[in-house]
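Residue-level structural notes
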Amino acid sequence: MLQAELEDGRLVLLAAYRTEQIHKLRKHRFLCPACKKAVIIRAGKKVIPHFAHEQIHDCELNRTGESLYHMRGKLQLFHWFKRQGLTVRLEERIEKSTRRPDLLLHTAGGKRLAIEYQCASISDEELFRRNEAYEHDGIRPIWILGGNRLKRTSTFMLDLSKRDQRFLMQYKRDMPLQLLYYCSDSEAFCNVQHILLTGKKQTVGQFYFLPLQQIQFPELFHPLPKNHQKIKQTWIDFQSRMAAKPLTYAPGNMKRWVLQLYERGLTLQEIPVTILYPVEAQYHMSVPPYIWQTDLWLEQLIPLPVMNSISLERLKHVSKRWEVLHKPYAISSDIHPVESYMNHLCLHGWFEQMGTDVYVKKRRSPFSEMI
Ligand SMILES: [Zn+2]
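Since this is a predicted model, take the numbers as computed values, not measurements.

Digging into the overall build of the chain
Per the secondary structure count, the chain includes nine helices and 19 strands. Taken along the three principal axes of its C-alpha coordinates, the chain extends 85 × 45 × 35 Å. When the 371 residues of the chain are sorted by exposure, 51% land in the buried category. Look at the contacts in the chain between residues 6 or more apart in sequence, and 61% of them connect residues 24 or more apart. Of the roughly 18,900 Å² that the chain leaves accessible, carbon and sulfur atoms contribute 52%. Within the chain, the 38 negative side-chain charges are centred at a point lying 4 Å from the centre of the 53 positive side-chain charges.

Structure below.
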């Protein structure tokens with residue numbers, strides 16, 4: 001922990017003192033702000049001056065297994081917020097709960113934001129519990145991932161595990177999907193925006209590296225320029241590569257689906273890439289777009305005669321078997337993937353939308369002659 005209490009209740013942020021001062025502070029007795037048990041000073045050439053429990057026991061400030069990387073980042077972010085004139089508290093307990101976010105930000109408008117700088121992995125249950133608790137207290141959580149978790153694989157791609165996909169956020173309705181990383185070694189944010197999931201861990205996105213000293217907090221939530229062409233092309237290339245690959249490690253339902261395709265005399269490689277379209281809410285789906293979008297055509301859109309209509313409800317129902325239960329927590333607008341896909345087909349003249357949720361087929365399907 002970075003702060004501890006003196007016997008009179010005053011909080012001391014150890015890292016704010018110089019070495020000689022810390023030496024003098026060693027004469028005092030310090031208590032853990034959570035459990036009120038004695039803590040000792042840890043300071044030296046290589047560590048951020050901090051406190052640690054004298055004896056190992058179960059305390060909420062013990063459980064996080066805080067690394068030096070995490071502690072350093074938390075402190076840098078704390079000073080960064082302060083320099084911007086924001087009211088920020090370090091490791092402060094939220095009243096009537098036992099939660100202590102890394103940083104608690106009080107905005108001028110009276111809102112509170114919990115900044116969680118997450119460098120270690122966290123279980124689904126714990127993440128859910130924390131988000132729920134914050135929501136219950138009217139606090140908005142902002143998850144900033146440790147830069148140690150960023151796995152960039154090319155100019156427009158990163159590997160994003162299913163676990164890290166939980167931190168996808170969309171701060172406002174008109175914002176693109178984004179992920180925030182902060183590296184306490186390089187003292188810089190990496191703001192990944194315009195994220196397109198592929199159905200695998202390989203993820204498309206645009207990277208912005210921003211030194212801490214050069215940006216202000218609200219700027220993290222501004223939409224950054226998008227290289228439309230490169231983003232789309234990277235996504236399409238990946239989908240085509242996936243469709244051409246043997247499904248050795250694919251889940252059972254996907255394998256069964258491809259087998260059915262073969263039985264109908266079709267191969268995945270024959271599917272025209274022109275029917276594939278990246279949708280933002282791909283996080284709802286358990287399989288890559290080249291599977292569920294093709295499936296939608298084969299099951300519903302191809303058999304439908306031209307000038308006949310079909311409802312969005314029906315199409316969603318067909319895709320239900322590919323859906324997952326959970327979506328990321330911090331998403332403001334959530335258009336169903338099938339709806340986004342149909343909007344795209346309308347835009348390109350395949351269908352026309354009638355009313356809010358009915359589509360009329362306008363021309364023959366792109367690969368109906370193959371069936
Ligand atoms: Zn304690």
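Description of the UniProt feature "domain: Competence protein CoiA nuclease-like" (unreviewed entry) in the chain
As annotated in UniProt, the feature "domain: Competence protein CoiA nuclease-like" (unreviewed entry) corresponds to residues 66–223 in the numbering used here. Between the C-alpha atoms that bound residues 66–223 there is a distance of 32 Å. The span itself is 21% helix and 36% strand.

A closer look at the UniProt feature "domain: Competence protein CoiA C-terminal" (unreviewed entry) in the chain
Residues annotated in UniProt with the feature "domain: Competence protein CoiA C-terminal" (unreviewed entry) correspond here to residues 233–367. Along residues 233–367 the backbone is 41% helical and 10% strand, and the end-to-end C-alpha distance reaches 22 Å.

A look at empty space enclosed by the protein
Under the definition given, this model contains two cavities of 30 Å³ or more. Lining of the largest cavity is provided by L127, N131, P141, I142, W143, R166, F167, L168, M169, Y329 and A330. Counting residues per element, the ones that place at least two in the lining of the largest cavity are α3 (124–136) and β9 (139–146). Here the residues of the lining of the largest cavity are counted per class, giving nine nonpolar, one polar and one charged. What the second largest cavity holds in volume is close to 30 Å³. If you trace the second largest cavity, you find it lined by W257, Q260, L261, R264, D295, L298 and E299. Contributions of two or more residues to the lining of the second largest cavity are made by α6 (252–263) and α7 (289–301). Grouping the amino acids of the lining of the second largest cavity by side-chain chemistry returns three nonpolar, one polar and three charged.

Observations concerning the pairing of strand β6 (residues 87–90)
Along a regular strand, successive side chains alternate from one face of the sheet to the other. A one-sided burial pattern is seen for β6, the buried positions being V88 and L90 and the unburied ones T87 and R89. Direction of pairing for β6 relative to strand β7 (residues 103–106): antiparallel, over a ladder of four bridges. Across the sheet, V88 pairs through a bridge with L105, a residue of β7.

Quick look at the coordination of the zinc ion
Protein coordination at the zinc ion comes from C32 (SG), C35 (SG), H53 (NE2) and C59 (SG), with a distance range of 2.0 to 2.3 Å. Every donor counted, the four donor atoms about the zinc ion form angles of 105 to 116 degrees at the centre, which fits tetrahedral coordination. Along the chain, the residues that donate to the zinc ion are spaced as C-x2-C-x17-H-x5-C. Linking C32 in the loop between β3 (30–31) and β4 (38–42) with H53 in strand β5 (residues 50–53), this pair joins segments that are 21 residues apart in sequence. For the pair C32 and H53, a shared accessibility class is recorded, and that class is buried.

Points about the packing of α7 against helix α9 (residues 337–347)
Interhelical geometry of α7 versus α9 gives an angle of 75 degrees and a closest axis separation of 12 Å. As judged from the angle between their axes, α7 and α9 are roughly perpendicular. Residue-level inspection shows W292, Q293, L296, W297 and L301 of α7 in contact with α9, the latter providing P337, V338, Y341, M342 and L345. Its residues placed into classes, the contact of α7 with α9 shows nine nonpolar, one polar and no charged.

Comments concerning the packing of aromatic side chains
As enumerated under the stated definition, the model contains 15 aromatic pairs in all. Between W80 and F217, the aromatic rings sit 6.2 Å apart at their centres with planes inclined by 85 degrees, giving edge-to-face as the arrangement. With W80 in helix α2 (residues 68–83) and F217 in the loop between β15 (202–211) and α5 (228–243), this pair connects stretches of sequence that are 137 residues apart. Here the two residues W80 and F217 agree in accessibility, since each one is buried. These aromatic residues form a ring-pair network of at least three members: W80, F81, Y117, Y171, Y182, F189, F217 and F221. The positively charged end of R140 is found above the aromatic ring belonging to Y171, 4.2 Å away from the centroid. Over the ring of W350 we find R363, and its NZ or CZ is 4.0 Å from the ring centre.

Scoring rules and cut-offs
Residues numbered from 1 in each chain as written. Predicted model: local features only at pLDDT ≥ 70, side-chain atom pairs only at ≥ 80, totals over all residues. Heavy atoms only, no water. Helix = DSSP H or I, 4+ residues; strand = E, 2+ residues; numbered from the N terminus. Buried < 20%, exposed > 50% of the residue type's maximum accessible area, 1.4 Å probe, protein only. Contact = heavy atoms within 4.5 Å. Areas by Shrake-Rupley, 256 points an atom, 1.4 Å probe, with all protein chains shown as cover. Lys, Arg positive; Asp, Glu negative; His and termini not counted. Charge placed at Lys NZ, Arg CZ, Asp CG, Glu CD. UniProt positions renumbered as here; feature names shortened; annotations may be inferred. 1 Å grid on protein atoms, 1.4 Å probe; cavity = no way out; pocket = protein on both sides within 12 Å on 5 of 7 lines; lining within 4 Å. Points joined across faces, edges and corners; volume = space filled by probe spheres on them. Nonpolar A, V, L, I, M, F, W, Y, C, P; charged D, E, K, R; others polar. Pairing = 2+ DSSP bridges. Donors = N, O, S within 2.8 Å, 3.2 Å for Na, K, Ca; no water. Tetrahedral: all angles 85-135°; square planar, octahedral: opposite > 155°, others 65-115°. Axes fitted to C-alpha atoms, helices over the stretch in contact; angles between N-to-C directions. Parallel < 35°, antiparallel > 145°, perpendicular 65-115°, else oblique. Phe/Tyr/Trp six-rings, centres within 6.5 Å; stacked < 30°, edge-to-face > 60°. Lys NZ or Arg CZ within 6 Å of the ring centre and 35° of its normal.

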